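# Coordinate inspection notes
Each chain, letter by letter, is given below.
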Amino acid sequence: MSPPNSGPPPLKRMIVPALFVGALFLVVFLRQPNGPEYSDQWVLTGQTMGTAFTVKIVVPSESGVSQDEVETVIRAAVDAVDSAMSTYQDDSELSRFNRHGTGPFDVSESMIEVVSEAQRVAELSAGAFDITVGPLVDAWGFGPDPVADPPAAETIAALLASGGFDKIDVDPERGTLVKADEAIRCDLSAIAKGYAVDRVARELVRLELTDFMVEIGGEVRASGRKTVSEAWRIGIERPEAGPGGLWSAVTLVDTAMATSGDYRNYYERDGVRISHTIDPRTGHPITHKLASVSVIHPSCMTADALATALSVLGPEDGRAMVEREGLAALFLIRAAGGGFEEWASDGWPSENTVRATGVEQGESE
Ligand code: FAD
């Protein structure tokens, strides 16, 4: 996919270079002194939804579960979300809905669950989060297909007129979605990865595994502990392009965290940063100084959607929503003289957050 002819290859290609290209699974056994009975820590990695995932599981020695079983369960869970909610697969449930007209369209329970939550966050954020932003995302060059130039003003106006989360009706009883305008096309990229994290976690608990960390494309859920004496500590990146360092590390216990930002998935055009986060109220990419938003929430799906909603709202309006809703959020804001200013809400576990000096991404030691 190449964004508008901006000369050099788009920076977008810098997102999360696939560290294990082609490797569906890399499994590493680490013996963990986990108390009286030793246990193994399995580290499983792979590719899904155009990004990478890592699952770290502390497997008690008496656990009867096999590594094959866990691999199969994880792969099935992420593939199920990918094949339902991808706009990169023509035959996905979402792509078929996007091509459907205005009559009721039968969907799976998981689609009802995800679109219902997307609509709730859309209401909460007064439309800053809006899954009908799909055509605008594509028009600005962040969808599956290449674009030659940024969209013209009249194109943006037309796409704004046909979009709007209020034009999607979710009917959980009938298991259907209905669009009020056949031009509506939904994009679940800002919520479905978080949903996939929750889904993998549910499957691991079903296998009676309780101490694990699941991360997909930067959305994370931590369950139980890493060892008897250590909880899971998750890194928050410095919001800078390229393999960045860590800004801080936060200890998570039985909760989830999602981070959204404009520092990975963007390109520059005439010296202006064009972000993949689109403001559905204007049809344009965000331009404010809020570089990264992290949200902690019991649901990774909700954290994922809230992080994008707050990224759209920006530092002031985002902070107002955080305080109104009592959210646990961390903002990293570009400072005038360079660097970043940090704002953490009252609900953010500042006592469990340390400014990191390390470089490692994802889970920090
Ligand atoms: P987030 O902030 O979490 O999400 C930003 C994304 O949400 C934007 O890229 C845009 O798509 C959308 N968005 C922008 N503004 C808004 C808004 N105001 N409201 C709601 N949504 C908005 N990428 C590939 O390159 N290849 C693939 O095969 C591929 N398959 C995918 C399959 C699935 C099921 C999903 C969900 C995504 C897939 N992607 C694929 C997309 C890739 O994973 C995204 O780049 C990634 O999801 C963006 O997440 P993020 O954490 O970077 O940003």
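An account of the accompanying structure is given in this report. (Residues numbered from 1 in each chain as written. Predicted model: local features only at pLDDT ≥ 70, side-chain atom pairs only at ≥ 80, totals over all residues. Heavy atoms only, no water.)

Packed helix pairs are specified by the crossing angle of their axes together with the interaxial distance, meaning the distance between the axes. It is at 11 Å that the axes of helix 3 (residues 109-124) and helix 6 (residues 192-206) come closest, and there the two elements cross at 130 degrees. Overall, the two elements helix 3 and helix 6 adopt an arrangement that is oblique. Helix 3 and helix 6 meet at a crossing whose hand is right-handed. In this structure, helix 3 uses Ser110, Glu113 and Val114 to contact helix 6, whose residues at the interface are Tyr195, Arg199 and Arg202. Counted by class, the contact of helix 3 with helix 6 contains two nonpolar, one polar and three charged residues. (Axes fitted to C-alpha atoms, helices over the stretch in contact; angles between N-to-C directions. Helix = DSSP H or I, 4+ residues; strand = E, 2+ residues; numbered from the N terminus. Parallel < 35°, antiparallel > 145°, perpendicular 65-115°, else oblique. Left-handed = near helix turned anticlockwise from the far one by under 90°. Contact = heavy atoms within 4.5 Å. Nonpolar A, V, L, I, M, F, W, Y, C, P; charged D, E, K, R; others polar.)

Attention shifts here to the pairing of strand 12 (residues 266-269). Of the strand pairs in this sheet, strand 12 and strand 13 (residues 272-275) are connected by four bridges, and their pairing is antiparallel. Residue Tyr266 lies in a different strand from strand 13, and its bridge partner there is Ser275. Turn length for the strand 12-strand 13 hairpin, with the two strands adjacent in sequence and antiparallel, is two residues, and the turn residue Asp270 shows positive phi of about 55 degrees. (Pairing = 2+ DSSP bridges.)

Once that is clear, we can look at the layout of surface pockets. For the second largest pocket, the calculated volume is near 230 Å³. As for the second largest pocket, its lining consists of Thr87, Asp90, Ser95, Asn98, Arg99, Gly134, Asp138, Pro144, Asp145, Arg185, Cys186 and Asp187. Sorting elements by how many residues they give to the lining of the second largest pocket places helix 2 (residues 93-99) first, with three residues. Looking at the lining of the second largest pocket, its residues break down into two nonpolar, four polar and six charged. (1 Å grid on protein atoms, 1.4 Å probe; cavity = no way out; pocket = protein on both sides within 12 Å on 5 of 7 lines; lining within 4 Å. Points joined across faces, edges and corners; volume = space filled by probe spheres on them.)

In the contact formed by helix 1 (residues 67-85) and helix 6, the axes pass within 9 Å of each other and the chain directions differ by 150 degrees. Between helix 1 and helix 6, the interaxial angle falls into the category roughly antiparallel. The element helix 1 and its partner helix 6 pack so that their crossing is right-handed. Between helix 1 and helix 6, the contacting residues are Val70, Val73, Ile74, Ala77, Val78, Ala80, Val81 and Met85 on the first element and Ala192, Tyr195, Ala196, Arg199, Val200, Glu203, Leu204 and Arg206 on the second. Of the residues contributing to the contact of helix 1 with helix 6, the split by class is 13 nonpolar, no polar and three charged.

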